[in-house]
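Chains, contacts and geometry: an overview
The primary structure of each chain is shown beneath.
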Amino acid sequence: MIGQSVAHYKVTDRLGVGGMGEVYRAHDSKLHRDVALKVLPAALAHDPDYMARFAREATVLASLNHPNIAAVYGLEESQGATALVMELIPGETLADRIQRGPIPVEEAAAIALQIAQALEEAHEHGIIHRDLKPANVKITPEGRVKVLDFGLAKAIEGNSTAVGLTHSPTISLAATQAGVILGTAGYMSPEQAAAQRTDRRSDIWAFGVVLLEMLTGKRTFTGETVSHVLAAVLHGSPDLSGVPAAVPPRIKELLQRCLTKNAKSRLQSIGDARVLLEEYVAAPASFAEKPTSAAAAAASPRRSAVIPWAVAALGAAIAIGAVVWGSRPSAAPAAQPVRLRAEIGPEPLFLGSGASAVLSPDGRHLALSLGTGQTRNLYVRSLDQLTVTQLPGTEVAYNPFFSPDGQWIGFVTPTQVKKVSIAGGTPITLCPSNRSRGASWGENDVIVFAESPSSALSTVPAAGGKPSPLTTLDSAKAEFSHRWPQWLPGEKKILFTSLASGESSAGGVLEVLDVASGERKVIHQGGVYGRYLPSGHLVYLNEGTLFAAPFDLDRLELPRTPAPVVQGVAETGGAHFDISQNGTLVYLEGLAGSPKYELVAVDRRGSASPLTAERQTFVEPRFSPDGRRLAAEVITGTSSDSWVYDLDRGTVTRLTFGDGPDSVPVWSPDGAWIVYASTREEHSGLYRKRADGSGEEELLLEGDSLYGSSWSRDGRFILYGIVAPTQTGNDIWVLPLDGDRTPQPYVATEFSEAEAAFSPDGRWVAYNSDDSGRSEVYVRPFPASGGKWQVSAAGGSHPRWRSDGKELYFRNDSGVMSVEVDTTGSALRVGTPSQLFEGPFLRAAIGGSIYADYDVAPDGQRFVMLRGESRLSVPDHVIVVLDFFKELEATFPHH
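Residues numbered from 1 in each chain as written. Predicted model: local features only at pLDDT ≥ 70, side-chain atom pairs only at ≥ 80, totals over all residues. Heavy atoms only, no water.

Let us now look at the nonpolar core. Counting residues in hydrophobic clusters, the biggest one holds 54 residues, and the most contacted among them are Leu94, Ile115, Leu132, Phe207 and Met214. Elements that contribute at least two residues to this core include exactly helix H2 (94-99), helix H3 (105-124), strand E9 (137-139), strand E10 (145-147), helix H5 (200-216), helix H6 (226-235), helix H7 (249-258) and helix H8 (270-282). At 11 residues, the largest contribution of residues to this core is made by H3. Residues contacting Met214, with those up to four places away along its chain left out, are Leu94, Ile98, Pro102, Ile103, Ala108, Ile111 and Ala112. (Core = buried A, V, L, I, M, F, W, Y, C linked by side-chain atoms within 4.5 Å. Buried < 20%, exposed > 50% of the residue type's maximum accessible area, 1.4 Å probe, protein only. Helix = DSSP H or I, 4+ residues; strand = E, 2+ residues; numbered from the N terminus. Contact = heavy atoms within 4.5 Å.)

Taken in spatial order, the four strands make up an open sheet running E23-E24-E25-E26, and their pairing is antiparallel. What marks the edges here is a single partner per strand, and that holds for strand E23 (439-441) and strand E26 (468-469). (Pairing = 2+ DSSP bridges.)

On to the confidence of the model for the chain, then. Here the chain averages 81 in pLDDT, and 82% of its residues register 70 or above. Note on residues 153-182: pLDDT under 50 across the span, and 92 contacts to partners over four residues away in sequence or across chains. Note on residues 290-335: pLDDT under 50 across the span, and 29 contacts to partners over four residues away in sequence or across chains. (pLDDT = per-residue confidence, 0-100.)

Moving on, we get to the side chain of Glu633. Relative to the assigned elements, Glu633 resides in strand E40 (residues 629-636). As a buried residue without a salt bridge, Glu633 has its nearest oppositely charged side chain in Arg622, at a separation of 8.8 Å. Within the structure, the side chain of Glu633 is placed 3.3 Å from the backbone nitrogen of Val664, a separation counted as a polar contact. (Lys, Arg positive; Asp, Glu negative; His and termini not counted. Salt bridge = Lys/Arg side-chain N within 4 Å of Asp/Glu carboxyl O. Polar contact = N/O pair within 3.5 Å; in protein donor to acceptor, adjacent residues only side chain to side chain.)

This part takes up the sheet that holds strand E52 (residues 764-769). The strand order across the open sheet built from four strands is E51-E52-E53-E54, with neighbouring strands paired in antiparallel fashion. Two strands close off the open sheet at either side, each with one partner strand: strand E51 (753-758) and strand E54 (789-790). Across four bridges, E51 lies against E52 in antiparallel orientation. What sits directly across from Ala754, in E52, is Asn768.

Scanning the model with the defined rule gives 17 aromatic pairs in all. Between the aromatic rings of Tyr529 and Phe577, the centroid separation amounts to 5.3 Å while the plane-to-plane angle is 65°, which identifies the pairing as edge-to-face. With Tyr529 in strand E31 (residues 528-532) and Phe577 in strand E35 (residues 577-579), this pair connects stretches of sequence that are 48 residues apart. According to the relative accessible area criterion, Tyr529 is buried, its value standing at 7%. We classify Phe577 as buried; its relative accessible area is 1%. Ring centres 5.0 Å apart and planes at 90° place the aromatic pair Phe758 and Phe782 in the edge-to-face group. Highlighted residues: Phe758 in strand E51 and Phe782 in the loop between strand E53 (776-781) and E54, separated in sequence by 24 residues. Aromatic ring contacts, followed pair by pair, group Phe717, Tyr746, Phe758 and Phe782 into a single cluster. Between Arg250 and the ring centre of Phe287, over which it is positioned, the NZ or CZ distance is 3.9 Å. (Phe/Tyr/Trp six-rings, centres within 6.5 Å; stacked < 30°, edge-to-face > 60°. Lys NZ or Arg CZ within 6 Å of the ring centre and 35° of its normal.)

Let us look at the environment of Leu15. In this structure, Leu15 sits in strand E2 (residues 9-18). Note on Leu15: relative accessible area 41%, which makes it partly exposed. In this structure Leu15 touches Val23, Tyr24, Arg25 and Leu88, once residues within four positions along its chain are discounted.

Our focus in this paragraph is H8. Between its first and last C-alpha atoms H8 spans 18 Å; for 13 residues at 1.5 Å apiece the expected length is 18 Å, and the two agree. For H8, the complete set of buried residues consists of Ile270, Gly271, Ala273, Leu276, Leu277 and Tyr280. Sitting at the head of H8, Ser269 places a side-chain oxygen 3.1 Å from the backbone nitrogen of Gly271. (Expected span 1.5 Å × (residues − 1).)

Looking at where Ser452 falls in the secondary structure, it is placed in the loop between strand E24 (446-450) and strand E25 (457-461). With relative accessibility at 12%, the residue Ser452 sits in the buried group. In contact with Ser452, other than residues within four places in its own chain, are Asn434, Arg435, Ser436 and Arg437.

Looking now at the packing of H3 against H8. Angle between the axes and distance between the axes: these two values describe a pair of packed helices. Two numbers describe how H3 lies on H8: the axes approach to 9 Å, and their chain directions differ by 145°. Once H3 is placed against H8, the crossing between them reads as left-handed. Side by side, H3 and H8 meet where Val105, Glu106, Ala109, Ala110, Ala112, Leu113, Ala116, Gln117, Leu119, Glu120 and His123 of the first sit next to Ile270, Gly271, Arg274, Leu277, Glu278, Tyr280 and Val281 of the second. Taken together, the residues of the contact of H3 with H8 break down into 11 nonpolar, three polar and four charged. (Axes fitted to C-alpha atoms, helices over the stretch in contact; angles between N-to-C directions. Left-handed = near helix turned anticlockwise from the far one by under 90°. Nonpolar A, V, L, I, M, F, W, Y, C, P; charged D, E, K, R; others polar.)

A separate point is the environment of Lys886. In this structure, Lys886 sits in helix H11 (residues 884-891). Once the C-alpha coordinates of Lys886 and Gly583 are considered, the two residues, 303 residues apart in sequence, prove to be 8.4 Å apart.

A word on the pattern of salt bridges. This structure, assessed with the given rule, holds 36 salt bridges. Arg774 is the salt-bridge partner of Glu776, the closest N and O atoms lying 2.8 Å from each other. What makes Glu776 buried here is its relative accessible area of 2%. One continuous salt-bridge network, built from bridges that share partners, spans Arg604, Arg802, Asp804 and Glu807.

So, in structure tokens, the structure goes:
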């Protein structure tokens, strides 16, 4: 957005990410001042829930006018961007200040006083902050405190229960829904952590936590995971022993009142804290004596009230202890689940759209999909063995699943559902599919599965046969996919995930289907890959965090609020975890979602400069024929869309809008059109649309599993790829744009051919093929005749031509390669490949598919590359947790 304008605000810099959008510095051309713009991400601009929360933030902030609260100036919509215009506040956050060490009591009190004044103003307007923490407090160079981001605030409504958004460094739920924990884990009040009713006293608790951290320089509640932090909040007590001796007793008493776990016994008004702090800031020396003022008395508990309560509590504790020790004189601490790190070699786990490591029902065997791209295989490992065994005939296998008796492993390929004996042997084809998204094998020997990424559910006999439709996508809900099914006990009901177009795991809906009646019941909103466990719990994944809750199988309800139990579970279009019937958990460590990249321009020596300011999940960047624009595919949730960036003007045009995954934008030779592939419930295929975004799109060719590749310079032909219906690899086809447009195969063999590119004169086509056992770049004539010439020597893919046809480029593990070519005669003459540059540029592996991660400008002097830190490193191990059901029981003890 840098250089663009929203209304009369010109964006000049990116400041960071706020609770509900990215934050930029911008200049107000009317009032000649700098402001902060909190901009709603374009990919979410059509999400009504997100827009409602964003508008609520604007409304809440606009109602507050106080020197200690960041001011809001307006809400603007311009050129497809929606932005909250806010006061730009210089200085550091309180979190930054605390990082440097404890804050002296007089300085801490001055800061706390201003925070209390801000909260008092909000509370008097019926608003609670709900997410007060040091990161949401700015301190200007003059010492003025500004409380930021009331984005989670909600008008106090009598007896309302906590609803809203979890906003935490480790948990982020995109849907507003009843019973979901709200706030950042380490600063939640006990009632927030328990998803109970909240009011202004939750802010008072957070205020106490912040003040304590200022005085000690340490986090109050910590833990290895969010689960541990929440447990500390719910079951522990703030440790005040680290408060410096210089802190007056009345300030310590204020801390105790703010940090009382029982909300009814907690300080009832932040105004009382404000009065006490005002007195201390005005006369610190007076606080060396006992409390005398009415305000101090209100802020400190009376000793006569404390002692009987303490004695009663002590007596109760002694009584409970007597019962426990009397009944279990030799009781030992409960056994904890055992966590193991299991190396899996010889290849990395396949980061596809589904679990790549699954357990047999008895927990004794592990089925693994190992490899990358088109070279992956199915392996099996006994957990009491150190080695894995490859199952022959399982090339390009993913999404494995076991039969109920554990003797068979089902799996899918890009085109079929298959099964193979755990002991090996020839795999058996069960039915066709198109990149299935999950399957479950029932005791009734019926397999329920998702036929494609954008389909409903179907069933097929475990012996094989024709699939039978089971569910129907609900167009009224914009449903895009039903996936990750699981037969529930009794084989009469199926648990599955429904997704609307563009949604990530946070927008998934867990539902149960009654197979006989066809009725569906929503179980939970916000999550994917729901699994019912023999322990009586339901687990699911939400943005990299595994949640759990007891599940009433008869009433199909969650009687208690889900809680996080494992964080850092890899999520790449699916959920990389599995749990056996005897309580063993296996999962891949990783972060949720897709990696975010920066597009950079790189010269032939490898020197890079930014092309766009934003970071997205960019793949398939393509220069326009004149090199002045750039088309790219941007992946968001289950969808991807094509965008066009004007490099001269710094503007961006979105071509497609989340009707389904749209992939691989290809320019027409005159730069007026873009061709892209789209996967939709109806009419999947190749489409074209004007590159400036005007007009309607046109369906050129209908079909599944297509992707555009290259458009001939004379405008007559389009090369495209297709997953062969009876093979495991891709084929290259030609779509004529004259006459009846009947497609013709160009290279269609038993091997995988892909990424075709027309030479500038249209007489040759460069492509990559794995017919030698690995991907290499080849050139052959167009139309296909005669032989082919191998261009690469040590692996290669994604060939690109220079506009004069005298140089060819491709990618391999060494970087960007160049080779001189002579296309003037009837035979091709090819030079020796040489490396242009390597550099810190990424190979774009998203969801297991290898996308183009670069392109070359027409003159061959500039390249567009992806730069940034990949969040999805390929794992070489899994985490195995034994006795995981004990962990669930500890989180949800039976009463």
